[in-house]
Amino acid sequence: MRCFLFFLLLFPAGLYAQEKKPLSADAGGRLTYVPDERGNRIPDFSYAGFAAGTESIPIAGVQVTVPACAGDATRRIQAALDYVAALPAGKDGIRGAVLLGKGVFEVAGSLKIKASGVVLRGSGIEATTLRGTGYSREDLIILSGETVRRLLSPETPVADPYVPVNALKITVQDPGDWKAGDRVVIRRPSTAEWIRTLGADHFGGGVTALGWKAGQRDLFWDREIIAVEGNTLLLDAPLTTALDVSFGGGTAARQDMSRRITRSGVENLRLESTYDLSNPKDEDHRWTAISIAGAEDAWVRQVVFAHFAGSAVRVQESARRVTVEDCLALEPVSEIGAERRNTFYTNGQQTLFQRLYSENGYHDFAVGFCATGPNAFVQCEAHLPLSFSGAIDSWASGILFDIVNSDGNALRFANLGQDAGGAGWAAANSVFWQCSAARVACDRPPTAQNWAFGTWAQFQGDGYWDQSNEHIQPRSLYYAQLRERIGDKVQGILLPVTSEASSSPRVEVAAELTREAVHPALTLAVFIRDAAKRLPLPVTESGKSIDQLALPSPEKKKSADAMTVRDGRLVRGKTLVNGERREVPWWNGSARPYGLKNPRPHITRFVPGRSGPGLTDDLSSMTDSLQKQHIVAIDHNYGLWYDRRRDDHERIRRMDGEVVPPFYELPFARSGKGTAWDGLSQYDLTKYNRWYWGRLQEFADLADEKGLLLLHQNYFQHNILEAGAHYADFPWRTANNINQTGFPEPAPYAGDKRIFMAEQFYDVSNPARRALHRAYIRQCLSNFSGNTGVIQLTGAEFTGPAAFVRFWLSVIGEWEKETNKPVLAALSTTKDVQDSLLADPETARLVDLIDIRYWHYQADGTTYAPAGGRNLAPRQHARLLKPKKTSFEQVYRAVREYREKYPDKAVMYSGDQYDSMGWAVLLAGGSLPVIPEVTDSRFAADIAAMGPLSGLQGLGNPSVGYVLAGEGQLTPATGTWEWKIIDRKTGRVSTTVRKVKGGLPLTFKALESEVIWLKRK
């Protein structure tokens, strides 16, 4: 009795059991579910996978073969995929397979499956290797249709006061014209009341920045209506979180999913990435092997992955009914931290990952942000993982881990709290079934439940536990549920268990087991490698060879005119460069959906495995968008810090590498050695981040193609002044690199809060730091040696001393002399530094543009001009000197003064209210004015040929025309002129044209909202 009481004290019944088992099976394996008082029950996970488990993955016939050959095979393989994509689909929806021959195929770009019914197949996992080369980090294979959700009707409320977990029907308030076959999206709002109930509005410390906010974690289910009964819609798959009117209920809307691709896959080959063999933590190589988005009924099978930094397979939120099976992921190469080695990852719905083996991953089997499932991992093993598998972000619901083994780490359905950027409750209504791990965490979130059956581990959490440390039947919950739903037409394939586990075997059984014990157990890895024996895929070369088909000609790139300074104006060819500018964000942000509304473009922002605005920008699409918006320049500086955790402005050393995206990349490479304050390895300031510089170069190439430009800020002063957190992760900080920069450690935080490192940083008398600065400046130049559309500036927020700028210019001069290549160098400093360097012929000759950025004439005519080299940031100067605003006239004055004093140099204005002073800059003869796109395309070319007019606010050229503001008198050259009005705000040119005769005095008076354009007829 004492033992029994002791057991009850250690393991209270309410913690580990319920009165009624939520799920049980009889001797024949038939499942019985017991819902809770509100009707919630364990979800049916058998709807996960290709065709929701109702049919086997098809075997496509070979339509075209691609033999291996030396060099980049991207174009040849892509041409084959496109050829099959253009073929008609059969009755089974399959167009055919591209068969890769035996050998190694090097792929410098990405291979894209963009149509339904297209399969990429190798000749075997040991016969065909696709090797991703280069430093781009781009996905090796992208299987994707349209990813945008297109609604066809307004949202209508769900009428049911409560729709329980595993519901297959909902009732809507508006019957509308719903019909079977309609695609519907069901939305569950994330209300403030629900968030408070979860305790997710606040994770401690009295700080709510990471707490969930209403509307940030809405749940979405993509479903098909299989029948309509009055106002009730019957769905093709269950819901995995309850819809509760107390928490906002739910809505339904029809959607168009016709642009998603279906019945396409990748199979029977090895995928690998090249990497820097000298750095086991190298990250300038391929991150994701296969990305699946905008797809349905897709698959990956019989594939081996090696050396990827991020994911072997990543299923995005716009994909559903995907199967990934019989795959091995080996030898990942990356830093050890978050967003790396998420080996088999899903953020989609109804995805099935089965018979998978991964080694040395981080989150080997992972479910992401608000994934609504059901999603299942069946018979999977993580060997020596570096972190846990399970739900890794907020509120993924309907997850099944079925016979999953984390060999040496944990499985977790838990409350992650502030980790992962405030993930909070990560899993709901999810099941561990016959799993093993060093530790299993199964917690119960408010309003939901998590269950664990037949678990072998150390245990943690207040979820439902049953039959721990026991082998249970059925062996697989997924296959038992599937069999009950569709019968025996789909058979499960599981690693066989050939012996018994009796504690009292018969003598002859013990003898047999003893004989077998001399042999290692059959491993899942070996079982997976033998998948081709169980299901051989056709590898006979048939159909056409790609060498028999005409490859499409490479697209010829157009090129804009070279950008130069001509007659003191920044031009491309004969056209003045003008338009808006955008500064890149350099701290803050979120890669979750709520953080992607109206994002600013960026060149070196990186979100692993995800591309698009606010993520890793697609530079081609981004530059097209800039053109359409008349944004001509990106003002780029490196990030204040890499990791979004530092947005909290703490100065602490992080205890791990659980970094949070988006990552604002930095120009230096990680060394793979030591540990920096952000938990990743230290930097090597003598080596450069190839991805970072490659992205900048790609943008510069596109800029030269499309008439844009890059304002390249070499440095970012924010790291070395103001808040101490700015310096905490700074690569130059001695603690964060392997180069012995000699800055004092511990960091000398003033008042244990502020940092004043500018003087030391800009002091190039230190030999070691001088050499590092010189090499870095040369890297800034060499990276763009083939581009004209790049303007080099010393640094963002630069208020440093003249001596450092002199050094910077001397390195530019040295590089120009060595390479015989020009650099467009802008002098962007405080006024005193600017004037002193321009007064020195030796430094002045190296300056092409004068950027008025850190000083201005105030509206009353006085000068706001903080001094350089005073170890204060621009806003610190502003707090002391309290500048007043400038005006149109004063901006005109500043630009005009410097244009007249230095007529061979372009003058741009980036100071107070620069984005609303473009016409003042233009009329003063300045460059890069922020003006709207003028509707007459001849305007930009005409003004490039005009010069400032004496005594007038305007530009003119007697052979071309005049642009005038304010009021005054002008005698245009003889001839006939057209008088047009340009709206300053819109750039619209008036359709009413007034004729003016030249050679006679002309009195004009332009409104403040317009400029006058006199154009020779």
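For clarity, every value in this text was computed on a predicted model and none was experimentally measured.

Caption draft 1: Up close: the packing of helix 14 (residues 767-782) against helix 15 (residues 802-819). Interhelical geometry of helix 14 versus helix 15 gives an angle of 55° and a closest axis separation of 10 Å. In terms of orientation, helix 14 lies oblique with respect to helix 15. As helix 14 runs across helix 15, the sense of the crossing is right-handed. Taken together, the residues of helix 15 that come into contact with helix 14 (itself represented by Arg770, His773, Arg774, Ile777, Arg778, Leu781 and Ser782) are Phe804, Phe807, Trp808, Val811, Ile812, Glu814, Trp815 and Glu818. For the contact of helix 14 with helix 15, the residue count by class is eight nonpolar, two polar and five charged.

Caption draft 2: A look at the pairing of strand 7 (residues 118-121). Of the two faces of strand 7, the one holding Val118 and Leu120 and the one holding Val119 and Arg121 are both buried throughout. When strand 4 (residues 96-100) meets strand 7, the two strands line up parallel, connected through four bridges. Bridging from a neighbouring strand, Gly96 pairs with Val118 of strand 7. Bridge count for strand 7 against strand 20 (residues 265-273) is three bridges, and the pairing is parallel.

Caption draft 3: Geometry of helix 15. Taking 1.5 Å as the rise per residue, helix 15 with 18 residues should run 26 Å; its terminal C-alpha atoms sit 26 Å apart, in good agreement. Of the positions making up helix 15, those classed as buried are Phe804, Val805, Phe807, Trp808, Leu809, Val811, Ile812, Gly813 and Trp815.

Caption draft 4: Spatial organisation of the pairing of strand 39 (residues 563-566). Pairing between strand 39 and strand 40 (residues 569-572): four bridges, direction antiparallel. When the bridges of strand 40 are listed, Met563 appears paired with Arg572. Adjacent in sequence and paired antiparallel, strand 39 and strand 40 are bridged by two residues, among which Asp567 carries a positive phi angle near 55°.

Caption draft 5: Geometry of the packing of aromatic side chains. Counted under the stated rule, the structure contains 46 aromatic pairs. Aromatic pair Phe668 and Trp732: ring centres 6.0 Å apart, planes at 80°, arrangement edge-to-face. Pair noted here: Phe668 is in strand 46 (residues 668-670) and Trp732 is in the loop between helix 12 (725-728) and strand 50 (754-756), with a separation of 64 residues, a long-range link. The exposure class of Trp732 is buried, given its relative accessible area of 1%. The residue whose ring lies beneath Arg137 is Phe606, and the NZ or CZ to ring-centre distance is 4.7 Å. Above the ring of Trp979, the side-chain terminus of Arg994 is found at 4.2 Å from the ring centroid.

Caption draft 6: Quick look at the pattern of salt bridges. Inspection of the entire model under this criterion finds 64 salt bridges. For Asp284, the salt bridge identified is with Arg137, shortest N-O distance 3.1 Å. Of this pair, Asp284 sits in the loop between strand 20 and strand 21 (288-293) while Arg137 sits in the loop between strand 8 (128-132) and strand 9 (141-144), and the two are 147 residues apart along the sequence. Just as Asp284 is buried, Arg137 falls in that class too. A salt bridge links Asp851 to Arg853; the shortest N-O distance between them is 2.7 Å. For the pair formed by Asp851 and Arg853, the shared burial category is buried. Within this structure, Arg183, Glu224, Asp236, Glu296, Asp297, Arg320 and Arg321 form a network of salt bridges that share partners.

Caption draft 7: Representation of unusual backbone geometry in the model. Cis peptide bonds are those with omega within 30 degrees of zero, and the linkage from Gly373 to Pro374 qualifies with -5°. By the secondary structure assignment, Pro374 is in the loop between strand 27 (365-367) and strand 28 (375-383). Cis geometry is adopted by the peptide bond preceding Pro474, which originates at Gln473 and carries an omega value of 0°. As for its placement among the helices and strands, Pro474 is situated in the loop between strand 37 (464-466) and helix 6 (477-486). Of note in this structure, Ala420 is not a glycine but carries a positive phi near 55°. For Ala420, the position within the fold is in helix 5 (residues 419-422). Accessibility expressed as a relative area gives 24% for Ala420, which makes it partly exposed. Of note in the backbone geometry, Asp752 takes a positive phi value of approximately 55° without being a glycine. As for its placement among the helices and strands, Asp752 is situated in the loop between helix 12 and strand 50.

Caption draft 8: Summary view of the nonpolar core. In terms of nonpolar packing, the biggest core is built from 116 residues, with Phe699, Leu809, Trp919 and Phe939 touching the most fellow members. Counting 77 residues, the second largest nonpolar core, distinct from the first, contains Ile141, Ala319, Val322 and Val404.

Caption draft 9: View of the domain arrangement of the chain. Per the domain assignment, the segments making up the chain are domain 1 (35-146 + 260-486), domain 2 (150-256) and domain 3 (938-1016). Here domain 1 and domain 3 have C-alpha centroids that lie 64 Å from each other.

Caption draft 10: The UniProt feature "domain: DUF6298" (unreviewed entry) in the chain, seen in detail. The UniProt record marks residues 463-946 with the feature "domain: DUF6298" (unreviewed entry), using the residue numbering of this structure. What you have in residues 463-946 is 30% helix and 15% strand, and the ends, taken at the C-alpha atoms, are 76 Å apart.

Caption draft 11: The sheet that holds strand 41 (residues 575-576), seen in detail. Spatial ordering of the open sheet is given by 39-40-41, a layout of three strands whose pairing is antiparallel. The sheet is open, and its two edges are formed by strand 39 and strand 41, each paired on a single side.

Caption draft 12: Here's a closer look at the environment of Arg270. Within the fold, Arg270 resides in strand 20. Since its relative accessible area comes to 21%, Arg270 is described here as partly exposed. The contact partners of Arg270, leaving out residues within four places of it in the chain, are Ile125, Thr128, Thr129, Leu130, Val304, Ala306 and His307.

Caption draft 13: Structural detail: the side chain of Ser358. Looking at the secondary structure, you find Ser358 in strand 26 (residues 349-359). Reaching out from Ser358, the side chain makes a polar contact with the side chain of Thr343 at a distance of 3.3 Å. Here the side chain of Ser358 touches Asp364 through a polar contact of 2.5 Å, side chain to side chain. Residues within four places of Ser358 in sequence aside, it is in contact with Ala329, Thr343, Phe344, Asp364, Phe365, Glu381, Ala382 and His383.

Caption draft 14: Fine view of a negative patch on the surface. Taken together, the side chains of Glu138, Asp618, Glu698 and Asp701 define an acidic patch exposed on the protein surface. Among the secondary structure elements, Asp701 is positioned in helix 11 (residues 690-706).

Caption draft 15: Representation of helix 16 (residues 831-838) within the structure. Among the residues of helix 16, Lys831, Val833, Gln834, Leu837 and Leu838 are the ones counted as buried. Seen end-on, helix 16 carries its buried residues on one side only, within an arc spanning 165°.

What counts, and at which threshold
- Residues numbered from 1 in each chain as written.
- Predicted model: local features only at pLDDT ≥ 70, side-chain atom pairs only at ≥ 80, totals over all residues.
- Heavy atoms only, no water.
- Axes fitted to C-alpha atoms, helices over the stretch in contact; angles between N-to-C directions.
- Helix = DSSP H or I, 4+ residues; strand = E, 2+ residues; numbered from the N terminus.
- Parallel < 35°, antiparallel > 145°, perpendicular 65-115°, else oblique.
- Left-handed = near helix turned anticlockwise from the far one by under 90°.
- Contact = heavy atoms within 4.5 Å.
- Nonpolar A, V, L, I, M, F, W, Y, C, P; charged D, E, K, R; others polar.
- Buried < 20%, exposed > 50% of the residue type's maximum accessible area, 1.4 Å probe, protein only.
- Pairing = 2+ DSSP bridges.
- Expected span 1.5 Å × (residues − 1).
- Phe/Tyr/Trp six-rings, centres within 6.5 Å; stacked < 30°, edge-to-face > 60°.
- Lys NZ or Arg CZ within 6 Å of the ring centre and 35° of its normal.
- Salt bridge = Lys/Arg side-chain N within 4 Å of Asp/Glu carboxyl O.
- Core = buried A, V, L, I, M, F, W, Y, C linked by side-chain atoms within 4.5 Å.
- Domains from an automatic or database assignment.
- UniProt positions renumbered as here; feature names shortened; annotations may be inferred.
- Polar contact = N/O pair within 3.5 Å; in protein donor to acceptor, adjacent residues only side chain to side chain.
- Patch = residues over 30% accessible without salt bridge, like charges linked within 9 Å, V, L, I, M, F, W, Y side chains within 5 Å.
- Areas by Shrake-Rupley, 256 points an atom, 1.4 Å probe, with all protein chains shown as cover.
- Lys, Arg positive; Asp, Glu negative; His and termini not counted.
- Charge placed at Lys NZ, Arg CZ, Asp CG, Glu CD.
- Arc of directions from axis to C-beta.

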